[in-house]
Structure formats: C-alpha cells, structure tokens
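# Notes for the structure review
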Amino acid sequence: MIPQLWFAPAHNLKAQVRRKKRDGDGRIVRVKEGRRLVVQFEEIRIGEKTVLNELMRLSAVFVFARVELGMQGLRNPVEDVPVKDKPKRRERTRRLRGDEETRLLAACRESRCAPLAAIVELAWETACRRVEIVELLRWEDINFDRKTAVLRGTKSSDGSYRERTIGLSSRAIEILRELPA
C-alpha cells in the first residue's frame, strides 16, 4: 500500500488505494471462483493529508532504523520524493454552527470539571490553546486595567518557546473575574 501512496500528486484529492474488502463483522470477503476462494478488493479514495501521514510514518521508520538501530547506510526513500509532489499541511478551520455553542457550554457545565465551561469560553475569547489557558495563564500575569495577559513559554510556529502578550475582551475579563483565585 505504501508505494502507491508515495507518488500520489498533492493536487490529486481523489487518489485511490486498493485494499481487501471486509464485511460488516470485519472479516475479509472471499468469493468462490471455480474451486477456490478469491479475496475481493475495493478501491478506497484517500485525501492528501492521508498521503502526508503515511509518508511521515514511513520516514520515521527509516530514521528510527538509522539512528536507533545503527543502520547508517540505510537510505530514506521519502527524502527522494520531490517536495512539489508532497502534500502541504492544510490549516483546518471549524466554526460552530446553529446551537452548537449553547449545547457545548451546557455539556461543559454538566461535566465533572467545574471550570471547563470557563476554559472553553476563554479559548473562544482569546484564541489561546487549552494548555496556554490551563497551564501558562497565571493571575500575576493578568492586567485587568490594561486588559492584557502575559503567557510565558508559549510555543511559536517555528517550534521555539517565547513570551506572548494577549489582549483580553470584556467577556474574557468577566469570565476571569468569576473564577476563584
């Protein structure tokens, strides 16, 4: 299956792989042809993200073998795939629709984690990650007068860690004031 994925063009969202067909119970489907049973195959469409994931998984195997197992002469074939043929990572944008926000907050309030609803709302208001709100946001770093907060040790897009100041909306300040110190 992997070799078929290697050279699937990045722009081809309808790349296909062949895999064994399975029934509802997960058993491989076999059809009688003459005296013998033959395995049935089906074509499955895959997206470019799947191709990228498979390439990265395969590359990791070769890196592990070279570094951890001492197989220095082993060549990583994924490095030979031209960069233009490798799919690009896509940003994913998902917005809540209809009554999803109300239902999500209701479920958060019913959970065993008391501050979960506040954490989710703060994430919406500040565009921060969960780890930034839960682990990096400190009371001493919040300035209610200037409506800002300093997050220390946030991960940036280049993989480094740095300090970042974020603005706080009126709703974010309201949520923070409702939380116990």
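Attention here is on the structure that accompanies the text. (Residues numbered from 1 in each chain as written. Predicted model: local features only at pLDDT ≥ 70, side-chain atom pairs only at ≥ 80, totals over all residues. Heavy atoms only, no water.)

A few words now on a nonpolar patch on the surface. A cluster of nonpolar side chains, Phe-64, Leu-69 and Met-71, forms an exposed patch at the surface whose accessible area comes to about 310 Å². On the secondary structure map, Leu-69 appears in the loop between helix H2 (48-67) and helix H3 (100-110). (Patch = residues over 30% accessible without salt bridge, like charges linked within 9 Å, V, L, I, M, F, W, Y side chains within 5 Å. Areas by Shrake-Rupley, 256 points an atom, 1.4 Å probe, with all protein chains shown as cover. Salt bridge = Lys/Arg side-chain N within 4 Å of Asp/Glu carboxyl O. Helix = DSSP H or I, 4+ residues; strand = E, 2+ residues; numbered from the N terminus.)

With that settled, consider the sheet that holds strand E6 (residues 148-155). Spatially, three strands are ordered E5-E6-E7 in an open sheet, and the strand pairing comes out antiparallel. Sheet topology places strand E5 (142-143) and strand E7 (161-167) at the edges, where each strand pairs with a single neighbour. (Pairing = 2+ DSSP bridges.)

The next point concerns the environment of Leu-55. Residue placement: Leu-55 occurs in helix H2. Expressed as a C-alpha distance, the spacing of Leu-55 and Val-81, which sit 26 residues apart in the sequence, is 9.5 Å.

Given 3.6 residues per helical turn, the α-helix brings residues three or four places apart onto the same face. The terminal C-alpha atoms of H2 lie 28 Å apart, and with 20 residues this matches the ideal 28 Å at 1.5 Å per residue to within 8%. Burial in H2 covers these residues: Glu-48, Val-51, Leu-52, Glu-54, Leu-55, Leu-58, Ser-59, Phe-62 and Ala-65. One side of H2 carries all its buried residues, which in axial view fall inside an arc of 165°. Opposite the packed face of H2, turned more than 90 degrees from it, sit the exposed residues Arg-57, Val-61 and Val-67. (Expected span 1.5 Å × (residues − 1). Buried < 20%, exposed > 50% of the residue type's maximum accessible area, 1.4 Å probe, protein only. Arc of directions from axis to C-beta.)

With that out of the way, let us pick up the pattern of salt bridges. Going through the model one piece at a time under the given rule, you end up with 13 salt bridges. Residue Arg-109 pairs with Glu-121 through a salt bridge whose shortest N-O separation is 3.9 Å. One end of the pair, Arg-109, is in helix H3; the other, Glu-121, is in helix H4 (residues 116-126), and 12 residues separate them in sequence. A salt bridge links Glu-174 to Arg-171; the shortest N-O distance between them is 2.8 Å.

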